Amino acid sequence: MTEVARIFAPILIWLGLFTGVYALHGLGCGLGWPQQDLGPASLHRVALIAAWGVAILLQAAVLYLVARPWASRSPLIQQVTVTLAISAVVAMVWTLFPVAFASSCG
Amino acid sequence: MNALRRHRELSRIWASDRGWRRPFTTVNHSDLGRMFMLAAFFFFGVGGILAMMIRAQLATPHSAFMEAEVYNQIFTMHGTVMMFLFAIPLFEGLAVYLLPKMLGTRDLAFPRLTAYGFWCYVFGGTMLLLSLLAGVAPDGGWFMYPPLSSTLGSPGINPDFWLLGITFVEISAMAAAVELTVSILKIRAPGMSLDRMPIFAWYALVTSLMILTGFPPLILGSILLELERAFGLPFFQADLGGDSLLWQHLFWLFGHPEVYIIFLPAAGVISTILPVMARTPLLGYSWVVAGAVALGFLSFGLWVHHMFTTGIPHLGLALFSAASTLVAVPTAIQVFAWIGTLWKGRPEMHMPMLWIVAFFATFVIGGLTGVMVAIVPFNWQAHDTTFIVAHLHYVLVGGFVFPMLAALYYWLPQVGGRKRFFKLGKTAFWLIFLGFHGTFLLLHWSGLMGQRRRIPTYDAGSGWELINLASSISAFVMAIGFALVVIDIATNLLVSVRGSRNPWGAASLEWAMPTPPPSYNFASLPLIHGRDPLWSDPKIGVAIAKGEGFLGAPRGNQREILTVSTARGTPEAMVILPGNTALPVVMSAVTGLFFAGFLFKLYWLPPIAVVLVAALALKWAWSLGHRADQGPQPVGRDTTLPLAAERPGAPAWWGSVFLLLANATLFGSLLFGYAFLWTIAPGWPPPRYLDWMPLLPLLVLAGAGLASPAIRLAERRAAPHVGLGVAAVGQMLLLASALWLLAAAPDPTGHAYGATVAVIAGYAALHAALALLLTGYCLARLRSGFVSQARCTEIRIARLWIDYAGFVGIVAMAACLAPGLLQ
């Protein structure tokens, strides 16, 4: 069953992190973070960009873990898992890039 | 034993009852799959008639065909029937019928569960149809947005039919999803490793996991809205701390994955049929698997794109717009793999292939308009217009109905054992294909010209008249085409000559058996060496019939199958399945009493129904197992295996794991809703939060801390009675703490905070009670001799539920007390 879990893990982790950053966005709006400055940007923007960065790093770590040659005994499972892990990194960069520029709570 | 005697013996063991009892007592997957599909096609006919009524109404301006109130019911029921009573059940039926045959086994993991799910679907669907006949059908759109669907907008019984009927039907989807997931992972032919699995099984696995995680948010939403309607708990009323947008989040958390839950099985059908028609293996098998998994789970990150016009912040729009465009990539990977397969092979244009070509032409258009509506500015313009009606029909009819028609013609010789002779299907194809595009292509333009969805009529001179008239005429042409399909299928099934066993020259195992299939599927379970067993060994069917595989020697009245290791397909254990019984239909009827009690406001009835369901469930479980260890059993090919109940990882244990996955998703959705209301909803903070209750954490931690180690003690058989007894005490403490929390909650009708605390506490109490019941059941089984060192699946399953109840108790307490502490 670990082989099945390994296939689904990268994309599920993307889903969890994507939803988590969206939840952080809502929380920040609710707590008034856009009105609090932190250096050149608002606390909200800094928190969201930091979360995006952490999410990319975590997703890259998942890719590293599943891409090790001894991670799976089945070539097909290994290939599918690595493909999905690479897709998840790309998805993390692409789907969260708006946190860098879009107006946050308006 | 010769092949004929083996056939007779297996037929006797696996046969369903004869006569009128058969549909009510059968637990055979072929019977139930056919029943599911027949019922789904019946509901498709109902939904189709409703669609024709919609088109008749809109054919001309100021139509007097229907009153607006009736029209609202008709379009609501059209969407509801097609989504919940046709598309999902048709997938369930197809998968229930096909998967054991494709996976090289005799039945699914839990045959009685399949039957229970079928009857819940039929009873729930009937409930909805009766509302339509009585003129009190749901009329708030298939998405039931409050406040239109709450008592403020709909004080009548109409939305209750939807909320209760659909939840009843969803039991069927959850049952099928658990059944299919466990069966695909554990019940396969020996040697069928994951990389040798038929591609349809991969799609069915992803779809089943999506149902397990996609449906719970809607079930939760339906429960909350029904609680608001029945008892005044204001989850969706803004003036009392609720928020109608919460419903939209919960609904679309389900609703968007639902689109892919519908599309993926159809994609699985195409990936199965297209290589056979092209006479070459599927190109890029691993890419297609990756594409299906990516598509399935990326689709959970798109739900907000259905809410682009609700005023959510720009950043939210941008995030979900980006995610929505991304989902086109794994879809395109699959489309390119199919095109590549056609390119590589030598395609033959039979009826199934004709429908696949229609799929390509239609679905790609729907996919491209999907990318258009993923872009926020365009979405704002097109939202709630007939452009969206056109888009969703291109996706759903092109992406589901056409592939299912391909499936119908492809597997008809397998189901009926007859050679297709009458050629009415080709005429039907052209009527449907041209009728469909005539109906919906034009609606893109009327939408861009400003025609809103769901309007019962429109003014002359709007510029939409010609489009709507042409669309309505085309719709009736399409309907005639579907009628011809029914006639074509019926005549071919009834009067065509008998056909050969594998008319298409396919590679998968469902063609390695006599047609129509015998009740036991395979006389012996084949040993699989490759991904395309019939192409690598065309004589495999003969070897199976001669009993050269596993379980080729029938014993007594035992319905025997094997479980295998998930990844490698190594045989692990033998399972003895239950026989014919009316228990599933009785239990689903009693389940129906629960929903009927709420529907007709007979609130004394649901508790009685719960007690009866629990009693029937105990009877259901009690009938399995042995009072003595059976030891290793000969399963053929010089192999002995233990019974699944005498080793860890029995199918029932995995069933509980996946049911808990769905259950945890529901609980997570509840916590999401709570956090949403707390941070986003107007009307917060409430008049008062729960005060700090110092004894409550002690009680909860003591309960969870006692129960979890104690059940492990029982599982290790060190002191089973003591372990189970202490676990029961732990559950009682958890139950007491949950009830205390429930009693301490602020007035649930006064503010959404009190209502949410009450639901969270109720959920924790329910799970503590359930775990207590399971502990008591284990004690009774232990005393009756059904549990031993080897036979302790019951205790292993109870451990799962006890751990979960402890987890829920702790999280529920923390969530309810947190706002008061943080204030």
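Residue positions are given per chain, counting from 1 as you read along its sequence in written order. Labels are handed out in written order, letters beginning with A for the chains and numbers beginning with 1 for the ligands. Given that this is a predicted model, residues contribute local features only at a pLDDT of at least 70 and side-chain atom pairs are listed and counted only at 80 or more, while totals for whole chains, interfaces and linings are drawn from all residues.

- Under an unreviewed UniProt entry, the name given to chain B is cytochrome-c oxidase, and the source organism is Salipiger marinus.
- UniProt positions are given in the numbering used here, feature names are shortened, and annotations may be inferred rather than shown by experiment. Its UniProt record, at the heading Subcellular location (unreviewed entry), says of chain B: "Cell membrane".
- Looking at chain B in UniProt, the text filed under Sequence similarities (unreviewed entry) is "Belongs to the heme-copper respiratory oxidase family."

## Quick notes on the overall build of chain A
Consideration 1: Within chain A one finds 3 helices and 2 strands.
Consideration 2: Strands here mean DSSP runs of E at least two residues long; helices mean DSSP runs of H or I at least four residues long; both are numbered from the N terminus. Order of helices (α) and strands (β) in chain A, N terminus to C terminus: α-β-β-α-α.
Consideration 3: Expressed along its principal axes, the backbone C-alpha trace of chain A runs to roughly 50 × 20 × 15 Å.
Consideration 4: Exposed residues have 12 or fewer other C-beta atoms within 10 Å of their own C-beta, buried residues have 20 or more, and partly exposed residues fall in between, where C-beta atoms are placed from the backbone. Across the 106 residues in chain A, those meeting the buried criterion constitute 42%.
Consideration 5: Contact between two residues is assigned when their C-beta atoms, built from the backbone, lie within 7 Å. Intrachain contacts of chain A at a sequence separation of at least 6 include 73% that bridge at least 24 residues.

## Points about the overall build of chain B
Consideration 1: Looking only at helices and strands, chain B features 25 helices and 4 strands.
Consideration 2: Along the first, second and third principal axes, the C-alpha atoms of chain B reach 75 × 75 × 45 Å.
Consideration 3: Out of the 823 residues in chain B, the part that is buried amounts to 57%.
Consideration 4: Residue pairs at least 24 apart in sequence account for 81% of intrachain contacts in chain B once pairs closer than 6 positions are excluded.

## Section: the interface of chain B and chain A
Consideration 1: Each side of the interface is counted separately: chain B has 26 residues, and chain A has 36 residues.
Consideration 2: Listing elements by their share of the side of chain B that touches chain A, those giving two or more residues are helix 9 (285-298) and helix 10 (314-326) of chain B.
Consideration 3: Residue contributions to the side of chain B that touches chain A peak at 8 residues, all from helix 10 of chain B.
Consideration 4: Residue classes in the side of chain B that touches chain A are distributed as 18 nonpolar, 7 polar and 1 charged. Under the grouping applied here, Gly and all other residues not named as nonpolar or charged are polar, the nonpolar ones being Ala, Val, Leu, Ile, Met, Phe, Trp, Tyr, Cys and Pro and the charged ones Asp, Glu, Lys and Arg.

## Some words on the pairing of strand 1 (residues 559-564) of chain B
Residue and element names in this part refer to chain B.
Consideration 1: Here strand 1 lies mainly inside the structure; 6 of its 6 residues are buried.
Consideration 2: A two-sided burial pattern is seen for strand 1, the buried positions comprising R559, I561 and T563 on one face and E560, L562 and V564 on the other.
Consideration 3: Should DSSP find at least two bridges between two strands, the strands are taken to pair. In the sheet, strand 1 pairs with strand 2 (residues 571-577) via 6 bridges, with the strands oriented antiparallel. Counted as the bridge partner of L562 is M574 from strand 2.

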